[in-house]
Structures are given as structure tokens and as C-alpha cells.
Amino acid sequence: MSKKKSQPFYPPPALPRTGVESHAHLNSRQYNLDREDVIARAAAAGVAQIIQVFLSPEAWRTGKVLFDHHPHIYFILGIHPTEAQQFTDDMAEQIGQAVAADSRIRAIGEIGLDFYWKDCPPEIQKEAFAKQLSLARRLSLPVVVHCRDAEADTFAILESQGFAGYPLLWHCFGGNSAMAERIINNGWHLSVPGPVTFPANTELRDAVARIPADRLLVETDCPYLSPMPLRGKRNEPANLGYTIAAMAEARGTTPAELWTTCGNNARRFFGIEGVGEE
């Protein structure tokens, strides 16, 4: 009988309340029965602020009320690339109006390109991406980028539009050291999700070890991408401890130190002052 391949296990450490969940979809119906408990568990696990993603102006209008009593939860708003057919000049105007009306909206996102799913033709995605980049610049807001199986085109659009040096976060980074280096050289930030804990993801852990400390954030992308040993289950911000433990091991530092560093990076990127308590 062959031996079962051992898997790294990163027990969630006790963390100070200095961290930031930089990308969550807590308006998902998967939280309809226990959303308040999920938010409370995040605070108990050391999450000081949460960045909640809204994927359309309508999602923001109907979903922001869910977080009225949680001032430590901030928002980003944009049209996901798989829904790029929705993006029109009128929708751009609606996004602008939402930003003017709600100071909790701190970035345009998640926007970009996704050639893995076939929901939307690439050329439509590229057009919507370019227009939302222009919108972010006009609104003087940072950008949160989604890129899946579209790295060359994503870099080409960003670099050709002069976004090197612009406040930009590469959401859900899962690439290698060479890709990370190109992102860093453009002056951007990277956010690392739960798959950094997966046994086969040695390239991602190697990349995490080399990313400058001041460019690094952490996220769940919940309800997706649960870390080991919760893979396949619904994810939530309280699970970030598993992810930060794997990242800290790769970097040769302590989880608490990296947790606070990533939290401070996120607060600077999204313009959130202090650590604060709810």
C-alpha cells in the first residue's frame, strides 16, 4: 500500500485585531442564515476591517443595508468581467453616483478579464475593463483587478493605459514569482487567498516569500477558496488565520507580525484610518 502524501497543516493562530479581510462577498445568499454570526466570528478571529465587494450598482443599492450597523465594513463596486455585457455608459454614471453618495466605497472593482469562464466574449470584457479603468481614474479611486487565464491581456491593457504607479490591487493572486515581480515593478499590490495553503501550490508560496512586505494583502474571496483544512467548504473571513499562517511560514516570520503588516497595507491602500473597534 502506498503512503498517503502528507499535507501541510497550518492551525489558525491567535491573532490581534489588526487584520483586514481585503475581499469578501458577504452579500452572497450563502450567508443569509448566519451573516451576523459570520461578521462576529471575523472580529473574534482578529479581523478589524472587511472589504465587501458589490458587483453592480443594483447589488450595492440592495445590499449595503446589510452592513448599516457595521461601520468597519467598507465597499468596492464594479462590474465583474464575466458580466461585462451589463456595462454601459448609464451604468458608469450609476457607479459614479454611488461613489458620491457613499463614502464607504473605497475602490472600483473587481474589474478585469476572465477567459476561464465563457460567459462573455473577450473583446466585450476588454472594452468594459478599459472604460472602468478610466472611470476609476476620473473618480480618483484605487482599482481592484480580477484576472483569470488572461494575464497577458490584463497587463497589456493596464500598461498601455498608463496605470503603472496607479493604486491597484491584484486580487486573488495565484501566480509565480515572475508574475509577482511584474506586478510589483508596476507599483501595484497583491492579495493572497486561501489556496496558498494547498500542498501543490509551492510556486505561489515561493512568490509570497519574495513579495515586498509593504505590497502584500490577504483575502478570502469568500464564500469561495477556503484554505486547508477547510477546502471545499464555505469560506468566511474568520478562516484568514489559516492563510496568514501559511504565508508567514513561507516568509519566515510570525503570523501575528504578517497579519498586522497586511492589515496596515490594506488600510493604507483603501484609505482607512487606524485599526479601530466596531
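Preceding this paragraph is the structure being described.
Residues numbered from 1 in each chain as written. Predicted model: local features only at pLDDT ≥ 70, side-chain atom pairs only at ≥ 80, totals over all residues. Heavy atoms only, no water.

1. Details of the pattern of salt bridges
Piece 1. Applying the stated criterion across every chain, the model contains 9 salt bridges.
Piece 2. Between Glu-58 and Arg-61 there is a salt bridge, and its shortest N-O distance comes to 3.2 Å. Within this pair, Glu-58 and its partner Arg-61 are both found in helix 2 (residues 57-63), separated by 3 residues, close to a single helical turn.
Piece 3. On the accessibility criterion, Glu-58 (43% relative accessible area) is partly exposed.
Piece 4. Relative accessible area serves as the criterion here: at 38%, Arg-61 is assigned to the partly exposed category.
Piece 5. One salt-bridge network, held together by shared partners, links Asp-34, Arg-41, Arg-234 and Glu-236. (Salt bridge = Lys/Arg side-chain N within 4 Å of Asp/Glu carboxyl O. Helix = DSSP H or I, 4+ residues; strand = E, 2+ residues; numbered from the N terminus. Buried < 20%, exposed > 50% of the residue type's maximum accessible area, 1.4 Å probe, protein only.)

2. What to know about the environment of Ile-157
Piece 1. With respect to the secondary-structure elements, Ile-157 resides in helix 5 (residues 151-160).
Piece 2. Taking C-alpha positions, Ile-157 is 31 Å from Lys-64, a pair spaced 93 residues apart along the chain.
Piece 3. If near-sequence neighbours (up to four positions away) are discounted, Ile-157 is found in contact with Leu-113, Lys-126, Phe-129 and Leu-133. (Contact = heavy atoms within 4.5 Å.)

3. Some details on the nonpolar core
Piece 1. Within the largest apolar cluster, 71 residues are counted, with the highest numbers of intra-cluster contacts made by Leu-26, Ile-95, Val-143, Leu-158, Trp-170, Phe-173 and Met-247.
Piece 2. Leaving out residues up to four positions away in the same chain, Ile-95 has contacts with Pro-57, Leu-77, Gly-78, Ile-79, Phe-87, Ile-108, Gln-132 and Leu-135.
Piece 3. The next biggest cluster of nonpolar side chains, apart from the first, holds 13 residues, and it includes Ala-107, Leu-217, Phe-269 and Phe-270. (Core = buried A, V, L, I, M, F, W, Y, C linked by side-chain atoms within 4.5 Å.)

4. Examining the sheet that holds strand 4 (residues 105-114)
Piece 1. In spatial order, the strands read 1-2-3-4-5-6-7-8; together these 8 strands make up an open sheet with parallel pairing. The open sheet has two edge strands, strand 1 (19-24) and strand 8 (216-218), and neither has a second partner. The mean inter-strand angle of the sheet, taken between neighbouring strand axes irrespective of direction, is 30 degrees.
Piece 2. Relative to strand 2 (residues 47-54), strand 1 runs parallel, the two sharing 4 bridges. Opposite Ala-24, over in strand 2, you have Gln-52 as the bridge partner.
Piece 3. Lying on the sheet, helix 3 (residues 89-101) is in contact with strand 3 (73-77) and strand 4; it crosses strand 4 at an angle near 150 degrees. (Pairing = 2+ DSSP bridges. Axes fitted to C-alpha atoms, helices over the stretch in contact; angles between N-to-C directions.)

In short, geometric facts, not functional conclusions.
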